[in-house]
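Residues per chain are reported as follows:
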Amino acid sequence: DQQVKQNSPSLSVQEGRISILNCDYTNSMFDYFLWYKKYPAEGPTFLISISSIKDKNEDGRFTVFLNKSAKHLSLHIVPSQPGDSAVYFCAASEGPASGTYKYIFGTGTRLKVLA
Amino acid sequence: KAGVTQTPRYLIKTRGQQVTLSCSPISGHRSVSWYQQTPGQGLQFLFEYFSETQRNKGNFPGRFSGRQFSNSRSEMNVSTLELGDSALYLCASSPELGYGYTFGSGTRLTVV
């Protein structure tokens with residue numbers, strides 16, 4: 001049973017436009033969320049995080065939104081650039097409240113930014 | 001500053017054999033986690049070690065085991081390999097439990 005779901009396996013966006021990557025989760029105990037970006041033949045690199053006490057976190061072109069009632073988070077990339085083409089993973093954890101830091105990852109969304 | 005180093009990068013093994021993968025964390029990082037990545041399942045958590053103790057464990061059979069040494073380097077062992085164990089195995093290190101994970105490039109294991 002996938003506790004973290006990324007229902008879109010792939011997404012294509014024109015350069016300069018907004019990319020929106022979505023992630024849904026089922027465990028209401030999750031309170032810390034991460035987004036990672038992965039290029040082929042490399043390990044994932046950390047992009048941005050958000051804890052459940054916030055509903056938005058921004059870092060440059062990347063913004064993550066969290067809707068706790070809907071158990072949904074999204075990553076917005078504005079403006080999208082060709083170098084953003086990669087696989088994006090969201091991950092969730094119950095975090096310090098439960099004493100566990102086990103991260104559950106989604107299956108990833110492959111973003112292709114078209115020049 | 002050196003990143004997370006995983007060796008070997010590629011490995012081909014036969015069913016029934018065992019394999020040991022190695023991970024050297026970033027200097028000063030005390031936590032090492034292991035993940036399995038497959039096309040259908042994405043990234044799945046295997047286990048996490050902190051100060052030589054296993055702190056968290058994923059839902060993998062007992063054939064998957066690991067350990068962490070006093071210098072924080074970690075090894076993962078898979079015994080009695082099955083075809084389904086073919087995957088990219090990623091290691092991540094962090095200074096403390098729960099945040100700041102940096103991943104290595106992974107070891108691609110192929111079981112034939």
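Small disclaimer: the values here were computed from a predicted structure and weren't measured. (Residues numbered from 1 in each chain as written. Chains lettered and ligands numbered in written order. Predicted model: local features only at pLDDT ≥ 70, side-chain atom pairs only at ≥ 80, totals over all residues. Heavy atoms only, no water.)

Undergrad: Tell me about the pairing of strand β6 (residues 53–57) of chain B, and name the residues and values.
TA: Residues and elements named next belong to chain B. Pairing geometry for strand β5 (residues 42–50) and β6, over 4 bridges, is antiparallel. Paired with Phe-50 across the two strands is Thr-53, which belongs to β6. Hairpin remark: β5 followed by β6, antiparallel, with 2 residues in the connecting loop; positive phi at Ser-51, about 50°. (Pairing = 2+ DSSP bridges. Helix = DSSP H or I, 4+ residues; strand = E, 2+ residues; numbered from the N terminus.)

Undergrad: Which residues make up the side chain of Ser-74 of chain B, and what are the values?
TA: Residue and element names in this part refer to chain B. Tracing the sequence through the fold places Ser-74 in strand β8 (residues 74–78). Polar contacts involving the side chain of Ser-74 include one to the side chain of Trp-34, which spans 2.9 Å. In contact with Ser-74, not counting residues within four places along its chain, are Leu-21, Ser-22, Cys-23, Val-32, Trp-34, Tyr-49, Arg-67 and Gln-68. (Polar contact = N/O pair within 3.5 Å; in protein donor to acceptor, adjacent residues only side chain to side chain. Contact = heavy atoms within 4.5 Å.)

Undergrad: Hey, could you go over empty space enclosed by the protein for me, with residue numbers and the actual values?
TA: All chains considered together, the criterion is met by 1 cavity of 30 Å³ or more. Roughly 30 Å³ of volume is contained in the largest cavity. As for the largest cavity, its lining consists of Leu-34, Tyr-36, Tyr-103 and Phe-105 of chain A together with Tyr-35, Ala-92, Tyr-101 and Phe-103 of chain B. (1 Å grid on protein atoms, 1.4 Å probe; cavity = no way out; pocket = protein on both sides within 12 Å on 5 of 7 lines; lining within 4 Å. Points joined across faces, edges and corners; volume = space filled by probe spheres on them.)

Undergrad: So what's going on with a nonpolar patch on the surface? Which residues, and what values?
TA: All names here are of chain A. A grouping of Ile-18, Ile-20 and Val-78 is seen on the molecular surface, where their side chains present a nonpolar patch of about 230 Å² in accessible area. The topology assignment puts Val-78 in the loop between β8 (72–77) and β9 (86–93). Overall, Val-78 belongs to the partly exposed group, its relative accessible area being 42%. (Patch = residues over 30% accessible without salt bridge, like charges linked within 9 Å, V, L, I, M, F, W, Y side chains within 5 Å. Areas by Shrake-Rupley, 256 points an atom, 1.4 Å probe, with all protein chains shown as cover. Salt bridge = Lys/Arg side-chain N within 4 Å of Asp/Glu carboxyl O. Buried < 20%, exposed > 50% of the residue type's maximum accessible area, 1.4 Å probe, protein only.)

Undergrad: Could you give me a rundown of the packing of aromatic side chains, with the residues and numbers involved?
TA: The final tally for this structure, using the stated rule, is 13 aromatic pairs over all chains. Relative to Tyr-49 of chain B, the ring of Phe-47 of chain B has its centre 5.7 Å away and its plane inclined at 70°; by these criteria the two rings are edge-to-face. The same class applies to Phe-47 of chain B as to Tyr-49 of chain B, namely buried. Linked through ring pairs, Tyr-36, Phe-46, Phe-89 and Phe-105 of chain A together with Tyr-35, Phe-45 and Phe-103 of chain B together constitute an aromatic cluster. (Phe/Tyr/Trp six-rings, centres within 6.5 Å; stacked < 30°, edge-to-face > 60°.)

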